[in-house]
Amino acid sequence: MYSFTSRVRYSELAEDKKASLVSIINYFQDCCTFESEDGDIGLSWLAKHGTSWMLTGWQIHIIRRPRYCEHIKITTWACGFKYFVGKRSFTISTMDGQVLVYAMSDWAYVNIKKGLPEKHVPEKELEVYGLDTPIEERFEEFGLTDYVKENGEMSAFKGKMTYPGFDQMQKEAPITITADNLDTNHHVNNGQYVALAKSVIPEEIYVKHFRAEIKKQSVLGDLIIPYIYRENNKIIVILTDENGAIKIITEFITE
């Protein structure tokens, strides 16, 4: 496991003075990149090998969002490798160990120049990351068992993500990708992808569960077409390219 501590900043807040969903995702992203850098397999290593870890899926469960100025601990660990696919678990907890947020994620190890998955992850990266038990098999260890049973946390996202046809979804105004949306891979950062999806929801929402499937990367100047669908406390936002190819599917279940 790898952890770092932080304090919730004003710039990370939603309107209710608690960390926003995008800030939570950024904490997770920072945690795994810190681990890579400290293990000497970070940006320089990846650039040398022409590779990168690309996020392909999120599943995030929020028990309580961290409050303004609260001291928190962010933890991550690799929990699965098969060929070019990696799985990683995350938690955000209070300084006395109470879990506030937990998440599962899927990643693909990609050759940047070819734009294709690598056949295998280098041994050095496997050694640095190690392999541990996924969060969903460690609920008792984290004191989550009773909470999950009582609140049906894991049942929120049973089965494959489904969504209606585009003819049943509301089409929103196109979004053009700018330099502010990009990261060091010159693609839209995964946190930015979620921010773009959330930006088409007209009102402020506070998310209890979130998941996403990233299908296609976006680069500078791309035109994104958003679609939105509502069903009770669930909001689905899909971003496509100009030809209708799906870039990302997001599902927000609100409090």
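Structural notes, computed from the coordinates. (Residues numbered from 1 in each chain as written. Predicted model: local features only at pLDDT ≥ 70, side-chain atom pairs only at ≥ 80, totals over all residues. Heavy atoms only, no water.)

Quick look at helix H5 (residues 190-199)
Most of H5 is tucked away: 7 of the 10 residues are buried. Taken together, the buried positions of H5 are occupied by Asn190, Gly191, Tyr193, Val194, Leu196, Ala197 and Lys198. Looking at the buried positions of H5, the neighbouring elements they touch are helix H1 (21-38), strand E2 (51-62), strand E8 (175-176), strand E9 (207-214), strand E11 (234-240) and strand E12 (246-254). One side-chain oxygen of the residue at the start of H5 lies 2.8 Å from the amide nitrogen of glycine 191, identifying that residue as asparagine 189. (Buried < 20%, exposed > 50% of the residue type's maximum accessible area, 1.4 Å probe, protein only. Helix = DSSP H or I, 4+ residues; strand = E, 2+ residues; numbered from the N terminus. Contact = heavy atoms within 4.5 Å. Polar contact = N/O pair within 3.5 Å; in protein donor to acceptor, adjacent residues only side chain to side chain.)

Examining the pairing of E11
Burial within E11 is extensive, with 6 of its 7 residues counted as buried. Relative to E11, strand E10 (residues 223-231) is paired through 7 bridges, and the arrangement is antiparallel. If you follow tyrosine 229 over to E11, its bridge partner there is isoleucine 236. Here E10 hands over to E11 after 2 residues, with asparagine 232 in that stretch at a positive phi of 55°. (Pairing = 2+ DSSP bridges.)

Quick look at the packing of H1 against H5
Look at H1 against H5: their axes get within 9 Å of each other, and the N-to-C directions meet at 170°. Judged on the interaxial angle alone, H5 and H1 are roughly antiparallel. Contacts from Leu21, Val22, Ile25, Asn26 and Gln29 in H1 reach Asn190, Gly191, Val194 and Ala195 in H5. Of the residues contributing to the contact of H1 with H5, the split by class is 5 nonpolar, 4 polar and no charged. (Axes fitted to C-alpha atoms, helices over the stretch in contact; angles between N-to-C directions. Parallel < 35°, antiparallel > 145°, perpendicular 65-115°, else oblique. Nonpolar A, V, L, I, M, F, W, Y, C, P; charged D, E, K, R; others polar.)

Worth remembering: the numbers are spatial, not functional.
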